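Below are the chains, spelled out letter by letter.
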Amino acid sequence: WGQASVAMTDMLFSAVNEEVQFGLQLFPSADGGGCDVLQTPEVGVEQDKQLQIVSTLKANLPGIANATPLVESYESIANGVARVNPGTLANLAAPDTVSAVLVLSDGADSCAQREPGSSAQQTLDRLGNAANSLLQRGIRTYAIAFGGVGSEGEQQLAQIALSGGTDAHIRA
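Residues numbered from 1 in each chain as written. Predicted model: local features only at pLDDT ≥ 70, side-chain atom pairs only at ≥ 80, totals over all residues. Heavy atoms only, no water.

**Considering the side chain of Ser73**
- Looking at where Ser73 falls in the secondary structure, it is placed in helix 3 (residues 70-82).
- Not counting residues up to four positions away in its chain, the partners in contact with Ser73 are Gln25, Phe27 and Val37. (Helix = DSSP H or I, 4+ residues; strand = E, 2+ residues; numbered from the N terminus. Contact = heavy atoms within 4.5 Å.)

This is how it looks when you write it as C-alpha cells:
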C-alpha cells in the first residue's frame, strides 16, 4: 500500500489536475473494517479535497488490508452516483463534466462469495453491471492491479475495466 499511496499523492497534486474534483472511498471502510462498506465515500467528490484524501489514506491504510469487499464497494459507488446528494458521488454525473472512477486493488473480492449461493461468475457479473451502470452515466472506470492481486483479482479488475469502457486493467 505504501507505493500505491505515494503514487496517488503524486497524482492528486499534479499541476495537470488543478481543476479536477477528487473523492475517496476505501474498501473495506475505515469505520467498519472486514467486509463492511460505507454507502457514502470517506471524502466526497469535490474541488480541493486532495489534503483530506491524503490524510485519510495515511490514517487508514495500515489497518484496512484484511478483507477486500470489492463488489459491495463498487456497487455502492454506482448506486451513490444515482443519488442526488451533492458532495458525495453525485458530482461524478454532473452535466458537462468528464468523470472517471479509479479502482485500485491488491486482491480479489473476498466478501461477495461468502453470501449463500454466490459464485465467481456472479461476482464478475455484479462487477460488470456496476461498471456498466456508471458507463451509462458517462463515467468510465479505470482499474489498477498491484501487489499480489492473483488470477481471480486480475479477472475481476479486467471485468471492471472492460465493462467500464476502458478495455483493459493496468498492472502497476
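**Brief notes about the state of the cysteines**
- Scanning the model with the defined rule gives one disulfide in all.
- Paired by a disulfide, Cys35 and Cys111 hold their sulfur atoms 1.9 Å apart. With the S-S bond torsion at -80°, the cross-link from Cys35 to Cys111 turns out left-handed. Within this pair, whereas Cys35 is found in the loop between strand 1 (22-24) and strand 2 (43-46), its partner Cys111 is found in the loop between strand 3 (99-105) and helix 4 (120-136), the two being separated by 76 residues in sequence.
- In this structure Cys111 comes out as buried when scored by relative accessible area, which is 9%. (Disulfide = S-S within 2.5 Å. Buried < 20%, exposed > 50% of the residue type's maximum accessible area, 1.4 Å probe, protein only.)

**Here we look at the nonpolar core**
- Counting 24 residues, the largest nonpolar core has Tyr74, Val101, Leu134, Leu157 and Ile160 as its most contacted members.
- Breaking this core down by element, the ones donating at least two residues are helix 3, strand 3, helix 4, strand 4 (139-145) and helix 5 (150-163).
- Leaving out residues up to four positions away in the same chain, Tyr74 has contacts with Val101, Val103, Leu127, Ala130, Ala131, Leu134, Thr141 and Ile160.
- Judged by nonpolar contacts, the second largest core, of 13 residues, contains Leu12, Leu24, Val43 and Leu104. (Core = buried A, V, L, I, M, F, W, Y, C linked by side-chain atoms within 4.5 Å.)

**Digging into the packing of helix 4 against helix 5**
- In contact at an axis separation of 7 Å, helix 4 and helix 5 are set at 30° when each is read in the N-to-C sense. Classed by the angle they form, the pair helix 4 and helix 5 counts as roughly parallel. Considering only the axes of helix 4 and helix 5, their crossing is right-handed. Along the contact surface, helix 4 presents Ala120, Thr123, Leu124, Leu127, Gly128, Ala131, Asn132 and Leu135, while helix 5 presents Glu152, Gln155, Gln156, Gln159, Ile160 and Ser163.
- Taken together, the residues of the contact of helix 4 with helix 5 break down into six nonpolar, seven polar and one charged. (Axes fitted to C-alpha atoms, helices over the stretch in contact; angles between N-to-C directions. Parallel < 35°, antiparallel > 145°, perpendicular 65-115°, else oblique. Left-handed = near helix turned anticlockwise from the far one by under 90°. Nonpolar A, V, L, I, M, F, W, Y, C, P; charged D, E, K, R; others polar.)

**Regarding the environment of Val103**
- Assignment of secondary structure puts Val103 in strand 3.
- In this structure the C-alpha to C-alpha distance between Val103 and Leu70, which are 33 residues apart in sequence, comes to 9.0 Å.
- If sequence neighbours within four positions are ignored, Val103 has contacts with Leu70, Tyr74, Thr141, Tyr142, Ala143, Ile144, Leu157 and Ile160.

**Examining helix 5**
- Compared with the 20 Å implied by 1.5 Å per residue over 14 residues, the 20 Å span of helix 5 between its first and last C-alpha is a close match.
- Buried within helix 5 are the following residues: Gly153, Gln156, Leu157, Ile160, Ala161 and Ser163.
- Just downstream of helix 5, Gly165 is the residue with a positive phi angle, here 85°. (Expected span 1.5 Å × (residues − 1).)

**With respect to the environment of Tyr74**
- By the secondary structure assignment, Tyr74 is in helix 3.
- For Tyr74 and Gln25, which are 49 residues apart along the polypeptide, the C-alpha to C-alpha distance reads 9.3 Å.

**What about the pattern of salt bridges?**
- Evaluation of the coordinates by the stated rule reveals two salt bridges.
- Between Arg126 and Glu75 there is a salt bridge, with its nearest N and O atoms 2.7 Å apart. In this pair, Arg126 is assigned in helix 4 and Glu75 in helix 3, connecting sequence segments 51 residues apart.
- As a salt-bridge pair, Arg171 and Glu154 come within 2.6 Å of each other at their nearest N and O atoms. On the criterion of sequence distance, the pair formed by Arg171 in strand 5 (residues 170-171) and Glu154 in helix 5 is long-range, its members being 17 residues apart. (Salt bridge = Lys/Arg side-chain N within 4 Å of Asp/Glu carboxyl O.)

**Topic: helix 1 (residues 2-12)**
- Looking only at helix 1, the buried set comprises Ala4, Ser5, Met8 and Leu12. The buried side chains of helix 1 occupy one side of the element, clustering within an arc of 95° when seen end-on. Seen from the buried face of helix 1, the exposed residues on the opposite side, beyond 90 degrees, are Gln3, Val6 and Asp10.
- In this structure, the buried side of helix 1 is in contact with strand 1, helix 2 (50-60) and strand 3. (Arc of directions from axis to C-beta.)

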